[in-house]
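Each chain is listed here by its residues.
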Amino acid sequence: MPIFIFFVNLQDMREDSLKRLAILGATGSIGMQTLDIVRRYPELYRAEVLSAGSRVDELAALAREFRPSLVVIARRELEGRLRAALEPLGIAVSSGPEALCAAAESPDVDMVVTATVGYSGLEPTVRAIRAGKEIALANKETLVVAGEYIRRLMAENPSARIFPVDSEHSAVAQCLAGEDPDKVRRLIITASGGPFRTWEPARIAQATAADALRHPNWNMGAKITVDSATMLNKAFELIEAHYLFDIPAERIEAVVHPQSIVHSMVEFEDGAIKAQLGVPDMRLPIAYALGRSSRLAGVSEPLSLEKMSNLTFEAPDERKFPCLGFARLSLERRGTTACTVNGANEVAVAAFLQGRIPFGRIYSTIARTLERATFIANPDFADYVASNAESRRLAAEELGIALNN
Ligand code: NAD
Ligand code: MG
């Protein structure tokens, strides 16, 4: 069973009542672009809950503008400051991971936008599914860490719906609309290739955070930008596509398309390929997810086809970007494999961003952690929690650093 149901009830699409959103990760790149849509289409969307990890002043400023009924900050020690700023305005404030989960299942919320980064997105998403919510899923790590489990949970909670925000998966969803899923031959997930596409391996190994943060086409949060530079982001997206659309791993491939205009493609049995094109602007896939696979007028700039004389496609180079191999490995071994990859990556990327390790150590830290970590073949939720904690501890040990999250 695919997680994403791509036959949308026309009744759903015509619904024009105000949709109340809980935006988890409101101060981030996806969160702010979601709020831009709320700002532009106030008759369709209301920010009912806003949350952030630690950026308390930015969160308070957003709350003053959007007047949600509840604001949640993940770091408990920041609750007091937020309370002082927002309670005079009649906005409720809560803090901590449990408060985030409670917000995701609140009866006052119709759709949860999971725009937090990394493993922190898993539990609120699980709770939103259990509460039967609609979910605009940006936090791909949820499906990477626990795809098998989320698939089971979705089958047990048929009123819950997941709409992908990731541009590639939104593109696939758009290509699949109106098609027979049994006639799909393969999914072709495009990748920009990141800032190091044309670099030699020895130079890539020594790249700095400033180098890695210079993404050619997209302006995103720091963690996903580094994941794009290692191409682990693409490995994660292959895993994400497998669970969302229920297509076997061997029929999902990545192709490098440096212009980021074709956002992904679907090939069908008859040889036809459908592609979705557009300017690289995340507001388009965000709006498509918020609208439950329907379209809003004027979301992004039109694409000028005359300027598109040079769209190129090439096979990714796994020798330069060995992290790509973690997709195949994860989908072959399954169990807690991808959870371990994700945990080790989060620790290594944080150390890399702090300038403590060279770029090349991200891959080797993940590989080494995988060798040492406990493998659980049929994990339940508690096993993912344990596996994530273990992989972080092992990765930190590997790097000789203290674990601070
Ligand atoms: P970001 O770093 O810009 O923002 C992350 C948000 O999450 C911030 O609001 C932050 O305060 C919050 N946060 C961080 N740690 C938290 C925690 N422990 N608990 C609660 N909240 C926490 O990240 P982003 O680029 O917006 O990415 C968000 C998610 O969307 C990621 O999973 C990413 O892979 C995915 N995504 C992003 C893009 C993009 O264009 N930025 C595209 C596709 C997918
Ligand atoms: Mg993507």
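Residues numbered from 1 in each chain as written. Chains lettered and ligands numbered in written order. Predicted model: local features only at pLDDT ≥ 70, side-chain atom pairs only at ≥ 80, totals over all residues. Heavy atoms only, no water.

Peer 1: What's the story with the coordination of the magnesium ion (ligand 2) in this structure? I'm lost.
Peer 2: Tetrahedral coordination by four donors puts the ideal angle at the metal at 109.5 degrees, and octahedral coordination by six puts it at 90 or 180 degrees. Listed as protein donors to the magnesium ion (ligand 2) are D166 (OD), E168 (OE) and E237 (OE); their distances from the metal cover 2.1 to 2.2 Å. Read from N- to C-terminus, the donor residues coordinating the magnesium ion (ligand 2) fall into the pattern D-x1-E-x68-E. Separated by 71 residues along the polypeptide, D166 in the loop between strand 7 (161-164) and helix 8 (167-176) and E237 in helix 12 (residues 232-245) bring together distant segments of the chain. D166 gets classed as buried once you look at its relative accessible area, which sits at 8%. The exposure class assigned to E237 is buried, which follows from its relative accessible area of 1%. (Donors = N, O, S within 2.8 Å, 3.2 Å for Na, K, Ca; no water. Helix = DSSP H or I, 4+ residues; strand = E, 2+ residues; numbered from the N terminus. Buried < 20%, exposed > 50% of the residue type's maximum accessible area, 1.4 Å probe, protein only.)

Peer 1: I keep staring at the sheet that holds strand 10 (residues 262-268) and nothing clicks. Help me out?
Peer 2: Sheet strands line up and pair through hydrogen bonds in the backbone, either parallel or antiparallel. Ordered by their spatial adjacency, four strands build an open sheet running 9-8-10-11, and the pairing between neighbours is mixed. Looking at strand neighbours, the two that pair on one side only are strand 9 (252-256) and strand 11 (273-277), the edges of this open sheet. Pairwise comparison of adjacent strand axes, ignoring direction, gives a mean angle of 20° for this sheet. Pairing of strand 8 (residues 184-191) with strand 10, which is carried by four bridges, proceeds in the antiparallel orientation. Bridge pairing links R186 to E267 in strand 10. (Pairing = 2+ DSSP bridges. Axes fitted to C-alpha atoms, helices over the stretch in contact; angles between N-to-C directions.)

Peer 1: What should I look at first to understand helix 8 in this one?
Peer 2: An α-helical turn contains 3.6 residues, so a residue and the one three or four places further along point in the same direction. For helix 8, the buried fraction is high: ten of the ten residues fall into the buried class. Of all the residues in helix 8, the buried ones are S167, E168, H169, S170, A171, V172, A173, Q174, C175 and L176. In this structure, the buried residues of helix 8 make contact with strand 7, strand 8, helix 12, strand 10, strand 11 and helix 13 (283-290). Downstream of helix 8 by one or two residues, G178 has phi in the positive range, about 80°. (Contact = heavy atoms within 4.5 Å.)

Peer 1: Explain the site of ligand 1 to me, please; I cannot follow it from the model alone.
Peer 2: Around ligand 1 there are 23 residues in total, and T27, S29, G53, E141 and G221 lie nearest to it. G53 is positioned with one of its backbone polar atoms (N or O) 2.7 Å from an oxygen atom of ligand 1. One of the backbone N or O atoms of T116 is found 3.5 Å from an oxygen atom in ligand 1. The fraction of the free accessible surface of ligand 1 (840 Å²) that becomes covered by protein chains is 87%. (Near = heavy atom within 4 Å. Polar contact = N/O pair within 3.5 Å; in protein donor to acceptor, adjacent residues only side chain to side chain. Areas by Shrake-Rupley, 256 points an atom, 1.4 Å probe, with all protein chains shown as cover.)

Peer 1: What is the right way to read the sheet that holds strand 1 (residues 19-24) from this model?
Peer 2: Taken in spatial order, the seven strands line up as 4-3-2-1-5-6-7 in an open sheet, and their pairing is parallel. One side of each edge strand has no neighbouring strand; the edge strands of this open sheet are strand 4 (92-95) and strand 7. If you compare each strand with its neighbour and ignore which way they point, the axes differ by 20° on average. Direction of pairing for strand 5 (residues 111-114) relative to strand 6 (residues 134-137): parallel, over a ladder of four bridges. Paired with M111 across the bridge in strand 6 is E134. In the packing of helix 4 (residues 79-86) onto the sheet, contacts are made with strand 3 (70-73) and strand 4, and the angle to strand 4 comes to roughly 175°. Packed on one face of the sheet, helix 5 (residues 97-104) meets strand 1, strand 2 (45-52), strand 3, strand 4 and strand 5 and runs near 145° to strand 3.

Peer 1: I would appreciate a short explanation of the pattern of salt bridges in the present structure.
Peer 2: Any two side chains of opposite charge can pair, given that their charged atoms come close. Within this structure, the stated rule accounts for 40 salt bridges. Among the salt bridges present, the one from D36 reaches R40, with a minimum N-O distance of 3.8 Å. Residue D36 and its partner R40 are located together in helix 2 (residues 29-40), separated by four residues, close to a single helical turn. For the salt bridge of E134 with R292, the shortest nitrogen-to-oxygen distance reads 2.8 Å. With a gap of 158 residues between them, E134 in strand 6 and R292 in the loop between helix 13 and helix 14 (325-333) connect regions that are remote in the sequence. Each member of the pair, E134 as well as R292, is classed as buried. Here the salt bridges share partners, and the residues they tie into one network are D36, R39, R40, E65, D281 and R283. (Salt bridge = Lys/Arg side-chain N within 4 Å of Asp/Glu carboxyl O.)

Peer 1: Quick question: what am I supposed to make of unusual backbone geometry here?
Peer 2: As a rule of thumb, non-glycine residues mostly have phi less than zero, and peptide bonds are mostly trans rather than cis. A positive phi angle, close to 50°, is found at S260, a residue other than glycine. The topology assignment puts S260 in the loop between strand 9 and strand 10. The backbone of S293 sits at a positive phi, close to 60°, despite the residue not being glycine. Along the chain, S293 turns up in the loop between helix 13 and helix 14. For S293, a relative accessible area of 9% puts it in the buried group.

Peer 1: Before we go on, may I ask you to explain the domain arrangement of the protein in this structure?
Peer 2: A common measure of how large an interface is: the accessible area buried when the components associate. For the protein, the domain assignment lists domain 1 (10-165), domain 2 (167-281 + 304-324) and domain 3 (335-405). Facing the 20 residues of domain 2 at the interface are 14 residues of domain 3. For the pair domain 2 and domain 3, the summed buried surface comes to about 1,200 Å²; carbon and sulfur atoms form 81% of the total. Across the domain 2-domain 3 interface, the total number found is zero salt bridges. In this structure, the connection of domain 2 to domain 3 is made through three residue pairs in polar contact (both at pLDDT 80 or more). Elements represented by at least two residues in the side of domain 2 that touches domain 3 include exactly helix 9 (201-205), helix 10 (209-212), helix 11 (222-230) and helix 12. Tallying contributions element by element places helix 11 first for the side of domain 2 that touches domain 3, with six residues. Of the residues that constitute the side of domain 2 that touches domain 3, the class distribution is 15 nonpolar, three polar and two charged. (Domains from an automatic or database assignment. Buried area = accessible area lost by both parts, 1.4 Å probe. Nonpolar A, V, L, I, M, F, W, Y, C, P; charged D, E, K, R; others polar.)

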